[in-house]
Amino acid sequence: MKEILKSISKRTLFNILIFLQVLFSILYFFSTTISMQAVINSNISANSELDSNPKRTLHMLIQNEDSKYFSKFKEELLNTNLVNGLTGWRNSDSTPDTHVIGDTEEDFDSVELAKGCENLKKINVATGRYFTEADFRKENATGSKSKPFLMILGSEFANNQNLKVGDSYHDVNDKYYKVVGILEPNSKWFYQTVSEGMIMVIDNAVMVAYVNDPENPIMHYYSILNDNVNSDDAIYKINKIAKKYNIVVEAKTISTELNETYSESVSQDISWVIFSLIILVFVTIGTSILIVSHMYMRKNEIGIRMACGYSFKKVLLLLWGEFLVVAILAFISALLISYISCSGGKEIMSSAYYISSFHLSYGIVLIGIGIFLLMCIPSLLVLVFKLRKVQPKDLIGGK
């Protein structure tokens, strides 16, 4: 190994070129396969985390909730008996300048849940209770000392801040909050929308009962279709009601959204994966040609080594070793860069994090190892073939 490293150090420029070729081709392959994996995993996560039937759950993107007619739209929609309620949530973070809970001096993440969210995904409360229907009414939760906003804490957040059920606090705006429950460890919720498939781990975050606030609209609403209601008919009638009140709404079932996103993303990502494989083929060919050319430039050195007693096998192992050491270092570097850039599958927010589908999985690593070995084999074989064809007289006068 010492001799191999010494030989590599004498040919820095050549080995840097090999290193960069392998590094960037493998790195690009990892990035495309991670992107493909993210599409598949997001689809799986959304379906597995959602407790309601995705084929019977509507997602409504309402772009002008602040319209004065929104309340009338909502009232008529609920009176049609098409859906079982209208719910949603807002992801946000709170700063110490506005919200101080316990001894925290850093931003913390919060999820404001509207009435009915528990029908989409079960929320497990370890201590205390979940929000009741009265908690979401504006007349019951004004933020005053007698009518505080209610919240449920993540288990880690409650433990770190030494908070328990029944504790209250007020922020710098003199709004009061009261703890009514503490979640079970490893509790999760959706980050942004269901169809995006990003799952937020809220152990170090808080849930707050959402009270209708026109200045902070939800925008993304969800409804579960009532029994015997056809999804296409429901969407048609929802659009008709929205048009009546000049509400801009885009309604789809979650299953339709997931299928559309999946089909579109997969078709794009497959093209990039194929392109990355083509790049790997060209890099493999280019590396083999480069190594053979470099070997011929070293004929004089090889001849001297053989004259000093080096066997064909020992010379071959030296050339193999030089290439493999540089190639393996490039592969390991690509692995580390890919892992670090994907944050190990976790995207940190303020205090909590969400499980990202963009991560370097064991499956991708194994595929990468297989691709890497296939890349190396042609270069190793061509060295054997070309070195066998070299005659002692060819080594005289080599460069």
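Just above, that's the structure.
Residues numbered from 1 in each chain as written. Predicted model: local features only at pLDDT ≥ 70, side-chain atom pairs only at ≥ 80, totals over all residues. Heavy atoms only, no water.

Peer 1: When you look at the overall build of the protein chain in this model, what are you seeing that I'm missing?
Peer 2: When its secondary structure is counted, the protein chain shows nine helices and 14 strands. Considering the protein chain as a whole, with its 399 residues, one finds that 49% of them fall into the buried category. Here the contacts in the protein chain between residues at least 6 apart in sequence split such that 78% fall between residues at least 24 apart. Of the roughly 20800 Å² of accessible surface on the protein chain, 57% is carried by carbon and sulfur atoms. (Helix = DSSP H or I, 4+ residues; strand = E, 2+ residues; numbered from the N terminus. Buried < 20%, exposed > 50% of the residue type's maximum accessible area, 1.4 Å probe, protein only. Contact = heavy atoms within 4.5 Å. Areas by Shrake-Rupley, 256 points an atom, 1.4 Å probe, with all protein chains shown as cover.)

Peer 1: Explanation requested: the packing of aromatic side chains in the structure shown.
Peer 2: Two numbers describe a pair of aromatic rings. These are the distance of the centres and the angle of the planes. All told, the structure shown has 14 aromatic pairs when counted by the stated rule. Consider the rings of W89 and W189, whose centres lie 5.4 Å apart with planes at 80°: the pair is edge-to-face. Of this pair, W89 sits in strand β2 (residues 87-94) while W189 is found in strand β8 (residues 188-190), placing the two residues 100 residues apart along the sequence. Note on accessibility: W89 and W189 belong to one class, buried. Consider the rings of W272 and F275, whose centres lie 6.3 Å apart with planes at 75°: the pair is edge-to-face. Taken as a pair, W272 and F275 lie in helix α6 (residues 254-297) at a separation of three residues, close to a single helical turn. Residue F275 is classed as partly exposed on the basis of its relative accessible area, which comes to 40%. (Phe/Tyr/Trp six-rings, centres within 6.5 Å; stacked < 30°, edge-to-face > 60°.)

Peer 1: Would you mind showing me how to read empty space enclosed by the protein here?
Peer 2: Unoccupied space between atoms shows up once a probe the size of one water molecule is rolled over them. Per the stated rule, a full pass over the model turns up two cavities of 30 Å³ or more. Put simply, the largest cavity is a space of about 110 Å³. Along the walls of the largest cavity sit F14, N15, I18, I291, H294, M295, R298, L319, E322, F323, V326 and L383, which together make up its complete lining. If you tally residues by element for the lining of the largest cavity, the top one is helix α8 (residues 312-341), at four residues. A breakdown of the residues in the lining of the largest cavity according to their chemical character gives eight nonpolar, two polar and two charged. Approximately 50 Å³ is the volume attributed to the second largest cavity. If you go around the second largest cavity, the residues you meet are V22, V283, T284, T287, F323, A327, F372, M375 and C376. Its residues placed into classes, the lining of the second largest cavity shows seven nonpolar, two polar and no charged. (1 Å grid on protein atoms, 1.4 Å probe; cavity = no way out; pocket = protein on both sides within 12 Å on 5 of 7 lines; lining within 4 Å. Points joined across faces, edges and corners; volume = space filled by probe spheres on them. Nonpolar A, V, L, I, M, F, W, Y, C, P; charged D, E, K, R; others polar.)

Peer 1: What is the right way to look at a nonpolar patch on the surface in this model?
Peer 2: Together, I328, I332, L336, Y339 and I340 give the surface a local cluster of nonpolar side chains, amounting to about 500 Å² of exposed area. Mapped onto the fold, I340 is located in helix α8. Classification of I340 by relative accessible area gives exposed; the value is 62%. (Patch = residues over 30% accessible without salt bridge, like charges linked within 9 Å, V, L, I, M, F, W, Y side chains within 5 Å. Salt bridge = Lys/Arg side-chain N within 4 Å of Asp/Glu carboxyl O.)

Peer 1: Mind showing me how you'd approach the packing of helix α2 (residues 12-49) against α6 here?
Peer 2: Between two packed helices, both the angle of their axes relative to each other and the distance between the axes serve to describe the pair. Interaxial distance between α2 and α6 falls to 9 Å at its minimum, and their mutual angle equals 165°. Compared by their axis directions, α2 and α6 come out roughly antiparallel. Classified by chirality, the crossing of α6 by α2 is left-handed. Residues belonging to the contact of α2 with α6 are distributed by class as follows: 23 nonpolar, eleven polar and one charged. (Axes fitted to C-alpha atoms, helices over the stretch in contact; angles between N-to-C directions. Parallel < 35°, antiparallel > 145°, perpendicular 65-115°, else oblique. Left-handed = near helix turned anticlockwise from the far one by under 90°.)

Peer 1: Is there a simple way to think about the side chain of T57 in this case?
Peer 2: Structurally, T57 is set in strand β1 (residues 57-62). Residue class for T57 comes out buried when judged on its relative accessible area of 0%. A polar side-chain atom of T57 sits 2.9 Å from a polar atom in the side chain of S52. In terms of polar contacts, T57 uses its side chain to reach the backbone carbonyl oxygen of N53, at 2.7 Å. Ignoring sequence-local partners within four residues, the contact set of T57 consists of S52, L120, Y222, S223, I224, K252, T253 and I254. (Polar contact = N/O pair within 3.5 Å; in protein donor to acceptor, adjacent residues only side chain to side chain.)

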